[in-house]
Amino acid sequence: MSHQINNESQKRYFEALLSYIDECYIQSDEKMVVYLEAGHFNNKFGVDEFAVNTLNDSIALGQALIKKYQKNVRLVYGILIDDLGLACSDEGCSLNSLPINEKVNKTELPDELEEVIAASSLIKRDKLMVFSERTSKNRAIETIKKQIKNNNDRVLVKEVDEYSEINVSTNELGTFMLARRQGSVFTAKCPAIISQHYKDVLIKLRQRFFEINDFAIIDWSDASDKNKVLQGASAFPVICDTAPLKTSIINVFFGDDEGELTEIRHNIKSTCDSVLV
């Protein structure tokens, strides 16, 4: 069963998303960049209906954004590929028993997604931003080390038995763990990977649109990933550096592959910092 992108449910949640964008930018005459991330898939199992349906929704929303804001909006599309196979719980993150492909090919996506992209006039294939969870994990560890070295007072090291918990203190969700350290070995938890991914998105956007200071990230996720995604979004402003930028993160959660909307969470509406490295 395919997702009907013009149904009443979608219309209502599009109206909510546009309202959130209005909240961020209604008083601004400046141009804004809206990054739409959908089509998330596991590269071991391939594309499911969730990936195809969210990508279709992101295209439909892009059309609504252009209709409303016209030349004041710049749209960028992206896909985050699960090439880690991490299963996360409150206790920690572990690799699934099934093997995951070692490398993500960013020049080729599954045919099902390539067909959706090719059919859209909004997505320029050479401008599509493709990210890897494996890369985000490695970069998250380096970011955490840097935050500890720089004595970020919201990144907290707690000694527990034979290892250390690296926690983060956030405005929205309080304190939770980003990583564990045993000796010199760091193990990043899912929220650290998500927050690093959002940071990397902003880096890329800032490099492409260096003259613009207003950014919004709209991210479609499965409801089962809600906890780690919201924690990652909440940690995002804590791990940023240097020049202040206005950045909002809007998380959309679907309850099933068919696109049953369960929640929209406008999680971050604050100043974040951009790094240029």
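None of the values given here were measured: they were computed from a predicted structure.

A.B. asks: What exactly am I supposed to notice about the sheet that holds strand β7 (residues 155-160) here?
C.D. replies: Hydrogen bonding along the main chain pairs the strands of a sheet, whether they run parallel or antiparallel. What the four strands build is an open sheet, ordered β7-β8-β9-β10; its pairing is antiparallel. Looking at the sheet topology across the chains shown, the edges are occupied by β7 and β10 (185-188). On average, each strand axis in the sheet is inclined to that of its neighbour by 35°, with strand direction left out of account. For strand β9 (residues 174-182) and β10, the ladder comprises four bridges, and the chain directions are antiparallel.

A.B. asks: Can you help me understand the packing of helix α4 (residues 133-149) against helix α5 (residues 190-208) in this one?
C.D. replies: Helices that pack against each other are described as a pair by the angle of their axes relative to one another and the distance between those axes. The N-to-C vectors of α4 and α5 enclose an angle of 95°; their axes lie 8 Å apart at closest approach. Between α4 and α5, the interaxial angle falls into the category roughly perpendicular. Contacts between α4 and α5 pair Glu133, Ser136, Lys137, Arg139, Ala140, Thr143 and Ile144 from the former with Ala192, Ile193, Gln196, His197, Lys199, Asp200 and Ile203 from the latter. Grouping the amino acids of the contact of α4 with α5 by side-chain chemistry returns five nonpolar, four polar and five charged.

A.B. asks: Is there a simple way to think about a negative patch on the surface in this case?
C.D. replies: Negative charge collects at one region of the surface, where Glu108, Asp111, Glu112 and Glu115 lie side by side. Structurally, the position occupied by Asp111 is in helix α3 (residues 111-119).

A.B. asks: For this particular structure, what's the right way to read the pairing of β10?
C.D. replies: Along β10, the buried face is formed by Phe186 and Ala188; none of Val185 and Thr187, which line the opposite face, is buried. Taking the residues that link successive antiparallel strands as the turn, the β9-β10 hairpin has two residues, and the phi of Gly183 there is positive, at about 65°.

A.B. asks: Sorry, what's going on with the packing of aromatic side chains here?
C.D. replies: Each aromatic ring pair is specified by the distance between its two centres and by the angle formed by the two planes. A full pass over the atoms with the stated rule returns four aromatic pairs. Aromatic pair Tyr13 and Phe14: ring centres 5.0 Å apart, planes at 80°, arrangement edge-to-face. Of the two residues, Tyr13 and Phe14, both sit in the buried class. With centroids separated by 5.9 Å and ring planes inclined at 90°, the aromatic side chains of Tyr13 and Phe254 adopt a geometry described as edge-to-face. Placement of Tyr13 in helix α1 (residues 8-25) and of Phe254 in strand β12 (residues 244-254) is noted, with a sequence separation of 241 residues between them. Among the residues examined, Tyr13 registers a relative accessible area of 3% and is labelled buried.

A.B. asks: Could you clarify how one ought to interpret the pairing of β7 in this entry?
C.D. replies: Residues in a regular strand point their side chains to alternate faces of the sheet. Where β7 lies against strand β8 (residues 163-170), six bridges are found, and the strand directions are antiparallel. Pairing of Val160 across the sheet is with Tyr163, part of β8. If you look at the hairpin formed by β7 and β8, you'll find two residues sitting between the two strands, and Asp161 has a positive phi there, around 50°.

A.B. asks: Which parts of the structure should I look at to understand the packing of α1 against helix α2 (residues 49-69)?
C.D. replies: Relative orientation of the contacting elements α1 and α2 amounts to 50°, with a least axis distance of 11 Å. When the axes of α1 and α2 are compared, the pair comes out oblique. Considering only the axes of α1 and α2, their crossing is right-handed. For the pair α1 and α2, the contacting residues are Gln10, Tyr13, Phe14, Leu17, Leu18, Ile21 and Asp22 in the first and Asp57, Ala60, Leu61, Ala64, Leu65, Lys68 and Tyr69 in the second. Of the residues that constitute the contact of α1 with α2, the class distribution is 10 nonpolar, one polar and three charged.

A.B. asks: Would you mind going over the pattern of salt bridges with me for this structure?
C.D. replies: Following the criterion strictly, the structure yields seven salt bridges and no others. Among the salt bridges present, the one from Asp22 reaches Lys68, with a minimum N-O distance of 2.6 Å. Of this pair, Asp22 sits in helix α1 while Lys68 sits in helix α2, placing them 46 residues apart in sequence. Lys68 gets classed as partly exposed once you look at its relative accessible area, which sits at 40%. Note that Arg125 and Glu114 form a salt bridge whose closest N and O atoms lie 3.0 Å from each other. On the criterion of sequence distance, the pair formed by Arg125 in the loop between α3 and β6 (129-132) and Glu114 in helix α3 is long-range, its members being 11 residues apart.

Criteria and cut-off values
- Residues numbered from 1 in each chain as written.
- Predicted model: local features only at pLDDT ≥ 70, side-chain atom pairs only at ≥ 80, totals over all residues.
- Heavy atoms only, no water.
- Pairing = 2+ DSSP bridges.
- Helix = DSSP H or I, 4+ residues; strand = E, 2+ residues; numbered from the N terminus.
- Axes fitted to C-alpha atoms, helices over the stretch in contact; angles between N-to-C directions.
- Parallel < 35°, antiparallel > 145°, perpendicular 65-115°, else oblique.
- Contact = heavy atoms within 4.5 Å.
- Nonpolar A, V, L, I, M, F, W, Y, C, P; charged D, E, K, R; others polar.
- Patch = residues over 30% accessible without salt bridge, like charges linked within 9 Å, V, L, I, M, F, W, Y side chains within 5 Å.
- Areas by Shrake-Rupley, 256 points an atom, 1.4 Å probe, with all protein chains shown as cover.
- Salt bridge = Lys/Arg side-chain N within 4 Å of Asp/Glu carboxyl O.
- Lys, Arg positive; Asp, Glu negative; His and termini not counted.
- Charge placed at Lys NZ, Arg CZ, Asp CG, Glu CD.
- Buried < 20%, exposed > 50% of the residue type's maximum accessible area, 1.4 Å probe, protein only.
- Phe/Tyr/Trp six-rings, centres within 6.5 Å; stacked < 30°, edge-to-face > 60°.
- Left-handed = near helix turned anticlockwise from the far one by under 90°.

Interpretation note: all reported values are geometric properties and have no functional meaning in isolation.
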